[in-house]
Each structure stands twice: as structure tokens, then as C-alpha cells.
Amino acid sequence: MNLNNLPDARKALENIKPYVPGKPIEEVERELGIKNAIKMASNENPLGPSPKAVEAVQKAITKLNLYPDGASHYLRQAIGARYQLDVGQVIVGNGSDEIIKLLAETFLNPDDEAVMAKPSFSEYDFAVTLMGGKCIFVDCVDFRHDLDGMLQAITPKTKMVFICNPNNPTGTIVTKKEIEKFMAKVPKQVVVVFDEAYYEYVDHPDYISGLEYVRAGYENVIVLRTFSKIYGLAGLRVGYGIAAPELISLINKAREPFNVNLLGQIGAQAALADTEFVEISREKNAAGKNTLYKYFSEMGFKYWPTQTNFIWVRINTDCRPVFQRLLREGVIIRTGDIFGYPDFIRVTVGTEEQNERFIQALGKVLKELTV
Ligand SMILES: *Cc1c(COP(=O)(O)O)cnc(C)c1O
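What counts and how
Residues numbered from 1 in each chain as written. Predicted model: local features only at pLDDT ≥ 70, side-chain atom pairs only at ≥ 80, totals over all residues. Heavy atoms only, no water. Domains from an automatic or database assignment. Contact = heavy atoms within 4.5 Å. Buried area = accessible area lost by both parts, 1.4 Å probe. Salt bridge = Lys/Arg side-chain N within 4 Å of Asp/Glu carboxyl O. Polar contact = N/O pair within 3.5 Å; in protein donor to acceptor, adjacent residues only side chain to side chain. Phe/Tyr/Trp six-rings, centres within 6.5 Å; stacked < 30°, edge-to-face > 60°. Helix = DSSP H or I, 4+ residues; strand = E, 2+ residues; numbered from the N terminus. Buried < 20%, exposed > 50% of the residue type's maximum accessible area, 1.4 Å probe, protein only. Lys NZ or Arg CZ within 6 Å of the ring centre and 35° of its normal. Core = buried A, V, L, I, M, F, W, Y, C linked by side-chain atoms within 4.5 Å.

A. Representation of the domain arrangement of the chain in the model. You can read the domains of the chain as domain 1 (20–48 + 276–370) and domain 2 (51–274). Across the boundary between the two partners, domain 1 contributes 23 residues, which contact 25 residues of domain 2. Taken together, both faces of the contact between domain 1 and domain 2 bury some 2,100 Å²; the carbon and sulfur share is 61%. When residues of domain 1 are sorted by the area they lose upon contact with domain 2, F277, W304 and Q307 head the list and together hold 30% of the total. Here domain 1 and domain 2 share zero salt bridges between them. At the boundary of domain 1 and domain 2, one finds 10 residue pairs in polar contact (both at pLDDT 80 or more).

B. Looking closely at the packing of aromatic side chains. Scanning the entire structure with this criterion turns up 22 aromatic pairs. Measuring from ring centre to ring centre gives 5.9 Å for W312 and Y341, while their planes differ by 85 degrees; the resulting arrangement is edge-to-face. Here W312 is found in strand β10 (residues 310–314), whereas its partner Y341 is found in the loop between β12 (334–335) and β13 (344–348), with 29 residues between them in sequence. A relative accessible area of 0% means that W312 is categorised as buried. By relative accessible area, which is 28% here, Y341 ends up partly exposed. Chaining the aromatic ring pairs together yields one cluster made of F143, W304, W312, F339, Y341 and F344. Cation over ring: R225 sits above Y83, and NZ or CZ is 5.2 Å from the ring centre.

C. Seen up close, the nonpolar core. Counting 54 residues, the largest nonpolar core has I79, F182, M183 and F227 as the members making the most contacts within it. Sorting elements by how many residues they give to this core places helix α10 (residues 262–273) first, with five residues. Setting aside residues no more than four positions away along its own chain, F227 makes contact with L75, I79, G232, L233, A234, V238, G239, Y240, A268, A271 and L272. Residues A41, I345, V365 and L366 belong to the second largest nonpolar core, which totals 31 residues.

Okay, here's the thing in C-alpha cells:
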């Protein structure tokens, strides 16, 4: 149906659910007339951007009259050098979100299928649905991907499988053993997408990156990583994919010629070299995780040990009023209802000070709601 004098929109759009972003700090402050709100909702790095990236971006700002390098050559070369890969095995995108969309644009005809976990990252659903593809959701088991179930969900129509490892919103991983079993059985004509947006935070002996399969020559595997999380550059929008040159070339056909902006390319390159910042971020996150774990345990809330910078926790009460009241305390978190779990929240690990503020605010809010 169309009430405007516009042509009919594509049928696929009827199935698009609007993305629910983390509430921006400015919006919360404006709507509630408060100051000093903190955002623990979108898994951004609470320490800010990599200082080396800031410096590089500041220097490059006078070049904004120029188009960026359409091939993002130097950034791809730097990523390749970091992981001992050929530059032809790397694609960069306007966030890894763009690469997810490019994958759908590259492979999906209407009614083609893509298998994904539930709950998981909503961008897979969006990209697939937008192309008229069909999402096949496989429920997580104890909030971990059920790779056996995902394998069984593959049909002759399946073009791709998304493995979010670690998973967003749950923070859990699938193990090396589980992946090995999956990879031994997955058909070669199905693209396996390992979304490793939180890779740099992982500290688990049973983890394996999809990169091992790219290195081993699998042509149907792509690994997605991002500069938005540990590198602290979510606002610059840079992510990357690593795969066989044949797969990269194919995806490149659907890519916009100047998809990654000039400051993004330069900032990401500097951030990649800023290993000190990544190390500090990892350490502070580990400490912050423990602070929050301890609090959740004391409160009797079950949480899922995380391999990321956020925690998925069951607060045993409707998350929506909790969310609203936390906003008034200037603390923005994610509610579980958008993932289908109304008594859960997802909270990003903040700085020591932010974690403390979150703990105080949540305690206060829960007390108010129970009287
Ligand atoms: C944040 C995130 C991304 C990265 O998004 P960008 O577009 O690179 O900012 C990708 N996948 C998951 C699971 C994420 O949480």
C-alpha cells in the first residue's frame, strides 16, 4: 500500500524491521534535561579512540577536498601485513556492517537462504531480508550458537551461514572443536561468515578464528573484523573482511567506488599500529568485567561469562522500566526485549567510574521498582 504519489517500493522492504540503535547520549540529555549521561549500550570503547588515530586524523583533515583512495590500498596493505596475508585477501568497508550488506548483495537472489543464530547480531537479518533472501534462524542453546542445528538447517537454497564469534548480544563463543566439526561438514558452495567484531577481547583457550580456514585455503570462508570496538573508532566507520582473493574480488563488484572515507582509512591505519592502546583496553576491560560479575553475583543475577566488552545478564524483572529509570539516572544500556528476552539486559563494560555509576544506579532503580 502506498499513500504517497510514489511508485511502489520493493517487496522486500515490507519485511524490514527498523534497526533499534543504542540511544545517543545527546538525545537522552536533551529529552530528560540531564547532563553527564553515560552510554553503556553500544559496546564502544569507553577509553575513547586510539590516541594515535586521533593524531593521524587531525593531520589528514586538510586533505578533505580530495576523494579517498577507492581501493583503500595502504590500509589493506597494513591489515595484510599484520596477519601475513596478501593485500588481495582483504576488503575494507564502511564498518563491517557494509561488508555484511555486500555479502548479501553479492550472493542473494530472492528466496535464497541464509542461516543465522538467534539471538544474534541484527545486521544479518537486515542485509538478507533487504535482498529478498530468507533468514533461517537457529535458536542458541544456553545462548551459544548451536552449530549442529545450523548445519541441519542448510538446504540447497542456502548461500551463507553467519557465525558471530563471540556472539552479540550474549558474549559467548563457539569452540575450536565445534567449528572443526562444522567446517568438516558444511558444503563448499555455502559461504561461512565468521563475524569476529570482538576478536581482540577474546581470552579463551578453546577459541579459534575463522582466519585459520582462510589461511588453509578455504574459498568459502570470510572473516569480518572492525575498528569500531577495541580500536575505539566506531564514529569513523571502518571494518574489514579477510577471505580468498576469489571471494574478495566477487564482493568487490558490489562495492561502491569510494566506500571508506579518507579520515577512516588514515585513522584505522594508525589505530592498527597502536598496539599499546589495544593492550590497555583489553586489560581495563578484563578488570571491569570482574567488577560487574561480582556485583551481578551479589544480586543473584545470572550472567553469561563474556569474551567481549559487554555482558548479557538476567535481571529477573522486566527490563523496560529498568531501562527507562536508568536513563533518568543518566545511564544508557540495552534492553533484552529487542532480542526476545524481556528480563535481560546487555551492558557494555565501562571505565571503572562508569561501572561504579551503573552499579549504584541499577541498585537504586531496582529498589524503587520493588517498593
Ligand atoms: C559492532 C559489531 C559489528 C561492527 O560494526 P561496524 O559496522 O564495523 O561498526 C559487527 N558485528 C557485530 C557482531 C558487532 O557487534
